[in-house]
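A look at the structure
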Amino acid sequence: MKIAFFGTPHFAAAQLEYLIQEGFQISVVVTAPDKPAGRGRKINQSAVKEVALKNGLNLLQPTNLKDVDFVNQYQSLGIDIAVVVAFRMLPESIWRAAKLGTFNLHASILPSYRGAAPIQWAIINNEVHTGVTTFLIDDQIDTGNILLQARCAIHKEDTGGSLHDKLLALGKSVILETIQGLIEGKIKPRNQDESSVSVSYAPKLNKENTYLHLELKASDAELLVRALNPFPGAHGQIQIDQKIIGAKIWKAKAADLDHDDHLGMIRVINRSLFIRFENSWLEVIEWQLEGKKRMFIRDFLNGNPNIHGAKWQ
């Protein structure tokens, strides 16, 4: 079997590495072009590229997936199955080229949480379970016929990072089973059931939907913090006297205090820090002020006793 693999981030790289370890012949790896990143604008290569180079695999990095030369080169490989994990949308000329099908691994139970950030939005919306789905790619986003699905629980202590790792591990076995099922002809694709399961979406994370607005309930603020740890972080600003400082909260929990106060007021009580949200208080356990390291509040308070009375905004 000639297998193609499309992917970019660590989540995809771990799946590629697993397929190699299981002895599958990867005929080509397609990943994003190298690009500058960080303050120094150092050229950065994808996690998938690193795995491909380490294993001496045929590697393609097209800037345009519809480029005639790339399409011809890919189609000439005679791919049997193409695996797509965390990659951009493929044109029909590419996803139709694999003889047994081109399938995607998505980190949700489709049709729930179609889109770019299913792991984070499942936590933000306080879901109690999620999972992974393999489905045949079509000309829309995350709408193709389902091949296999597997579920896992979301626990109260789960963060975006811990849930990512759970689904990464779950995805390995599901991809393996999907490939074997396609080879043996044992999988019957089925339509996504939009009648009995509500369709929901997981839009790309941006500065607005990752902002800790004070109009949130404290319990919802806690969910946002959990979902965005370790990336990109739930953020906001603190006003200390007349100075505005950017901040990210990495760990927090909703709390009940016998105090009423204005929205955003920061109180320090018994060496714990609380922020007033819409209906209650959020106890901040770990945060990071702009230009500083991540710090637990108990350590932060040692050198910043003036934070009491500041305001989150």
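Heads up: the structure comes first, above all this text.
Below: a short report on this structure. A quick note: this is a predicted structure, and the numbers were derived from the prediction, not measured. (Residues numbered from 1 in each chain as written. Predicted model: local features only at pLDDT ≥ 70, side-chain atom pairs only at ≥ 80, totals over all residues. Heavy atoms only, no water.)

**Quick notes on the overall build of the protein chain**
For the protein chain, the count of helices and strands is eight helices and 18 strands. Within the span of the protein chain, comprising 313 residues, buried residues form 49% of the whole. Within the protein chain, contacts between residues at least 6 apart in sequence are counted, and of these 64% link residues at least 24 apart. Summed over its atoms, the accessible surface of the protein chain is roughly 15,800 Å², and 49% of this surface lies on carbon and sulfur atoms. Put simply, the protein chain has 35 plus and 33 minus side-chain charges, and the middle of one group is 5 Å from the middle of the other. (Helix = DSSP H or I, 4+ residues; strand = E, 2+ residues; numbered from the N terminus. Buried < 20%, exposed > 50% of the residue type's maximum accessible area, 1.4 Å probe, protein only. Contact = heavy atoms within 4.5 Å. Areas by Shrake-Rupley, 256 points an atom, 1.4 Å probe, with all protein chains shown as cover. Lys, Arg positive; Asp, Glu negative; His and termini not counted. Charge placed at Lys NZ, Arg CZ, Asp CG, Glu CD.)

**Comments concerning the sheet that holds strand β2 (residues 26–30)**
Within the open sheet, the seven strands sit side by side as β5-β2-β1-β6-β7-β9-β10. Their pairing is mixed. Only two strands of the sheet have a single neighbouring strand rather than two, namely β5 (59–60) and β10 (146–153). As judged from the five bridges shared by strand β6 (residues 81–85) and strand β7 (residues 101–106), these two strands associate in the parallel manner. Across the sheet, residue Val 84 finds its bridge partner in β7, namely Asn 104. Along the sheet face, helix α1 (residues 10–21) touches β1 (3–7), β2, β6 and β7 and points at about 160° away from the line of β1. (Pairing = 2+ DSSP bridges. Axes fitted to C-alpha atoms, helices over the stretch in contact; angles between N-to-C directions.)

**Comments concerning the packing of aromatic side chains**
Scanning all chains against the criterion turns up four aromatic pairs. Clustering of aromatic rings is evident, with ring pairs tying together Phe 6, Phe 70, Tyr 74 and Phe 87. Here the guanidinium or amino end of Arg 298 rests over the ring plane of Phe 296, the centre of that ring lying 4.9 Å away. (Phe/Tyr/Trp six-rings, centres within 6.5 Å; stacked < 30°, edge-to-face > 60°. Lys NZ or Arg CZ within 6 Å of the ring centre and 35° of its normal.)

**Structural notes on the packing of α1 against helix α6 (residues 160–184)**
It is the contact of α1 with α6, at a shortest axis distance of 10 Å, that shows an interaxial angle of 40°. Here α1 is positioned oblique relative to α6, judged by the angle of their axes. Seen along the crossing, α1 lies across α6 with a hand that is right-handed. Residues His 10, Phe 11, Ala 14, Gln 15, Tyr 18 and Leu 19 of α1 lie in contact with α6, whose contacting residues are His 164, Leu 167, Leu 168, Gly 171, Lys 172, Ile 175, Leu 176 and Ile 179. For the contact of α1 with α6, a count of residues per class yields nine nonpolar, four polar and one charged. (Parallel < 35°, antiparallel > 145°, perpendicular 65-115°, else oblique. Left-handed = near helix turned anticlockwise from the far one by under 90°. Nonpolar A, V, L, I, M, F, W, Y, C, P; charged D, E, K, R; others polar.)

**Looking at the layout of surface pockets**
Within this model, the largest pocket holds a volume of roughly 1,400 Å³. In this structure, the largest pocket is lined by 40 residues; those nearest its centre are Pro 9, Ala 86, Ala 116, Ala 117 and Pro 118. Within the residue set of the lining of the largest pocket, elements represented by two or more residues are α1, β6, β7, α5 (118–124) and α6. Grouping the amino acids of the lining of the largest pocket by side-chain chemistry returns 21 nonpolar, 13 polar and six charged. (1 Å grid on protein atoms, 1.4 Å probe; cavity = no way out; pocket = protein on both sides within 12 Å on 5 of 7 lines; lining within 4 Å. Points joined across faces, edges and corners; volume = space filled by probe spheres on them.)

**Brief notes about helix α3 (residues 68–75)**
For α3, the complete set of buried residues consists of Phe 70, Val 71 and Tyr 74. Projected onto a plane normal to the axis of α3, the buried residues spread over an arc of 100° and lie on a single side. For α3, the exposed residues set more than 90 degrees away from the buried face come down to Val 68 and Asp 69. N-cap assignment for α3: the residue whose side-chain oxygen lies 3.1 Å from the backbone N of Asp 69 is Asp 67. (Arc of directions from axis to C-beta. Polar contact = N/O pair within 3.5 Å; in protein donor to acceptor, adjacent residues only side chain to side chain.)

**Observations regarding the pattern of salt bridges**
Side chains bearing opposite charge may pair, as long as their charged atoms lie close to each other. Within this structure, the stated rule accounts for ten salt bridges. Residues Lys 54 and Glu 17 are paired through a salt bridge, measuring 2.4 Å at the closest nitrogen-oxygen approach. On the criterion of sequence distance, the pair formed by Lys 54 in helix α2 (residues 47–54) and Glu 17 in helix α1 is long-range, its members being 37 residues apart. Judged by relative accessible area, Lys 54 falls into the exposed class, the value being 57%. (Salt bridge = Lys/Arg side-chain N within 4 Å of Asp/Glu carboxyl O.)

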